[in-house]
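Residues per chain, in single letters:
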Protein chains: 2
Amino acid sequence: MKYYIGIDLGGTNIAAGVVTEEKYLMAKHSVPTLAWRSFEDIVADMASLTLTAIENAGLEQKDISCVGIGVPSSIHPVTGNVVFANNLNWVDKPLISEFQKHISLPVFLGNDADCAALGEAFAGSARDYDNVLMLTLGTGVGGGLIMNKKLFSGGTKLGFEPGHICLVYNGLPCTCGQRGCFEVYASCTGLIRQTIEAIAQYPTTEMKKLCDNNFDKVSARTAFDAARLGDMAALQVVDTYTSYVAAGAASLINVLRPDVLIIGGGLSNEGDYLLKPLNKKIKAFIYASDIVAPPNAIRATLGNDAGIIGATLLGEE
Amino acid sequence: MKYYIGIDLGGTNIAAGVVTEEKYLMAKHSVPTLAWRSFEDIVADMASLTLTAIENAGLEQKDISCVGIGVPSSIHPVTGNVVFANNLNWVDKPLISEFQKHISLPVFLGNDADCAALGEAFAGSARDYDNVLMLTLGTGVGGGLIMNKKLFSGGTKLGFEPGHICLVYNGLPCTCGQRGCFEVYASCTGLIRQTIEAIAQYPTTEMKKLCDNNFDKVSARTAFDAARLGDMAALQVVDTYTSYVAAGAASLINVLRPDVLIIGGGLSNEGDYLLKPLNKKIKAFIYASDIVAPPNAIRATLGNDAGIIGATLLGEE
């Protein structure tokens, strides 16, 4: 039996686990990232966590084939360095060599969204599909693409950025410096903004009560929760929001033609309340949807484990 | 030496040629499509044209390895039929079996935009690149994608439709039934509409003189010609139009990451007048353009021959 280490490096937590060659996550451990610390200190913790995971699995370092690390950044296609992880304040960091100062195992790096997509495609909700588009609706809109059961990295390998296709030409500013990006409208951040705008416009909405009339308490769930109560303004917010998600998803489907669309991120917990209108709208939006059935949007099932499991598959690309 | 037949089936003309294994087009012939005729009559002409091309190349049918045909339609991923070619009024047509009633050679079908991209990627301006995105700015916006020197057809093989990514959410209606598609703004049709709107708004513009104050005479060249004369309204039209093209191209680049972008279609004759601002804007629009140089937009060089040459490569996919 082969064993792999998968590490999901986030701005809040570092999670690591031992994964078998059958993509079974034996055990996972996590520590707070404490992102204000130095690069060296954070990497030292990643190495400690790795050793803990190996020990707790009853294994030794020699049992491990390789380590995969998902990072919230592009990986430089030439140097292999972490290009820019704004949550960690890392710019052009040689993560592989730093990690190998502690543990001399082969190390593979990948983007965290790519890792999540690999995890779902090989061990999660898209196990039975060859061509998988995953979109994660979170602070931004991230995603990964699996084509013929292989991670698609495009030509220059500079990263698959589905959140930064233009959805609303000359629209609202995006953190990336552009305007009108898909993620400005389809992220949880975008949904929260749309919810706050609706509360300001409709003072009697249930959404206002759900957030105690405090805009700081508005979450991505607020509009969905109020919509379930039949609140008209909230239903409108959910309708508009799902239309944005569907339009961006349809754009991607029209060029990538996946077999299935996985929706990840906290919002996927809304289940059918998100997915039913989304699927209806995607079908209406995509090109030539009458010829071959459009890909179904389904929810991710592995949660945070997807990133750990997917990271262990980076070495196979 | 191996020889192939490439056929480019258009709504106006059918062009066929003999292509060597070095991708050299030995000779080409064309006849009017006369698209009002029956499917059977048109296919009979395609076969006659093929025989003429073989004869004029001094070859015999046995010298030909296969026939590739580029059609203005998707090819059904299961049946292999031509799904819908609106210029020919073809719906679900078994082109391969009909063609083989006349000539018993292996036949491969592909979308015409895919064939053009294959031609440019293997024999034209993108010969030296592995990952090529081609966009053809014509009546609509078509395109093809070559990844690792192979035609990218996506998961379900239902066709790469870069003209139908959403660029202007809830924007102007598209012929596909949606709103705000890239091709509504970036096609020659879109440019002509933008030119007419500017003429209506600025009655003293040179564009008005160039079209003899007759909107029916406005072409995709009108704004470019007037802009070269320094006309302010025309410069504005060209600036806005190139921004639309750049925004859609950047969206595609952000997910596909090609090494190079080929611009085809009649508008590519504008040369640097189109490509210089386009490249500047694409660089400004794409995600993480400071890390790795963005793909350069260059013009297609094979013109209509790209489709013939590219069609002969369909059998290698």
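Above this note sits the structure.
Residues numbered from 1 in each chain as written. Chains lettered and ligands numbered in written order. Predicted model: local features only at pLDDT ≥ 70, side-chain atom pairs only at ≥ 80, totals over all residues. Heavy atoms only, no water.

Peer 1: Is there a simple way to explain the nonpolar core in this structure?
Peer 2: Generally speaking, soluble globular proteins have nonpolar side chains that are buried together. The biggest cluster of nonpolar side chains holds 108 residues, and the ones touching the most others in it are A:Leu256 and B:Leu256. Setting aside anything within four residues of it in sequence, one finds A:Leu256 in contact with A:Leu133, A:Leu145, A:Met147, A:Phe160, B:Phe152, B:Gly154, B:Gly155 and B:Leu256. (Core = buried A, V, L, I, M, F, W, Y, C linked by side-chain atoms within 4.5 Å. Buried < 20%, exposed > 50% of the residue type's maximum accessible area, 1.4 Å probe, protein only. Contact = heavy atoms within 4.5 Å.)

Peer 1: Which parts of the structure should I look at to understand the relation of the copies chain B and chain A?
Peer 2: To go from the first copy of the chain to the second, apply a rotation about an axis and then a shift along the same axis. Least-squares fitting of chain B to chain A yields an RMSD of 0.0 Å, with the superposition described by an axial translation of 0.0 Å and a rotation of 180 degrees. The superposition operator between the copies reduces to a two-fold rotation axis. The share of interface residues of chain B whose copies in chain A are also at the interface is 100%, consistent with both copies meeting through the same surface. (Least-squares fit on C-alpha atoms with pLDDT ≥ 70 in both.)

Peer 1: Looking at this structure, how should I read unusual backbone geometry?
Peer 2: Working note: non-glycine residues mostly have negative phi, and peptide bonds are mostly trans. Residues and elements named next belong to chain B. We note that Asp92 has phi near 55 degrees; this positive angle belongs to a residue other than glycine. With respect to the helices, strands and loops of the structure, Asp92 is situated in strand 6 (residues 90-93). If you check the backbone angles, Asn170 has positive phi at about 60 degrees while not being a glycine. Turning to its location among the elements, Asn170 is positioned in the loop between strand 10 (150-151) and helix 4 (182-186). (Helix = DSSP H or I, 4+ residues; strand = E, 2+ residues; numbered from the N terminus.)

Peer 1: Sorry if this is basic, but what is going on with helix 7 (residues 220-228) of chain A here?
Peer 2: Counting along an α-helix, one turn takes 3.6 residues, and residues three or four places apart therefore face a common direction. Residue and element names in this part refer to chain A. Those residues of helix 7 that sit buried are Ala220, Thr222, Ala223, Phe224, Ala226 and Ala227. Structurally, helix 7 contributes buried residues whose contacts are with helix 5 (188-201), helix 6 (206-210), helix 8 (232-256) and helix 9 (272-285). At the N-terminal boundary of helix 7, the capping side chain belongs to Ser219, with an oxygen 3.0 Å from the backbone nitrogen of Arg221. (Polar contact = N/O pair within 3.5 Å; in protein donor to acceptor, adjacent residues only side chain to side chain.)

Peer 1: I tried to follow the sheet that holds strand 1 (residues 3-9) of chain B on my own but got confused; where do I start?
Peer 2: Hydrogen bonding along the main chain pairs the strands of a sheet, whether they run parallel or antiparallel. Residues and elements named next belong to chain B. Pairing within the open sheet is mixed, and its 5 strands lie in the order 3-2-1-4-7. Lying at the two open borders of the sheet, with one neighbouring strand each, are strand 3 (25-32) and strand 7 (107-111). Ignoring strand direction, the axes of neighbouring strands in this sheet form an average angle of 20 degrees. The pairing of strand 1 with strand 2 (residues 13-20) spans 7 bridges and is classified as antiparallel. The residue bridging Ile5 from the neighbouring strand is Val18, located in strand 2. Sitting on the sheet, helix 1 (residues 39-56) touches strand 1, strand 2, strand 3 and strand 4 (64-71), and the angle it makes with strand 2 is about 35 degrees. Sheet strands touched by helix 3 (residues 112-123): strand 1, strand 4 and strand 7. Its angle to strand 7, the strand with the most contacts, is close to 100 degrees. (Pairing = 2+ DSSP bridges. Axes fitted to C-alpha atoms, helices over the stretch in contact; angles between N-to-C directions.)

Peer 1: Teacher, can you tell me more about the environment of B:Ile199 here?
Peer 2: Residues and elements named next belong to chain B. With respect to the secondary-structure elements, Ile199 resides in helix 5 (residues 188-201). Along the sequence, Ile199 and Ala306 sit 107 residues apart, while their C-alpha atoms lie 35 Å from each other. Sequence-distant contacts of Ile199, defined by excluding residues within four places in its chain, comprise Thr205, Met207, Lys208, Cys211, Phe215 and Val218.

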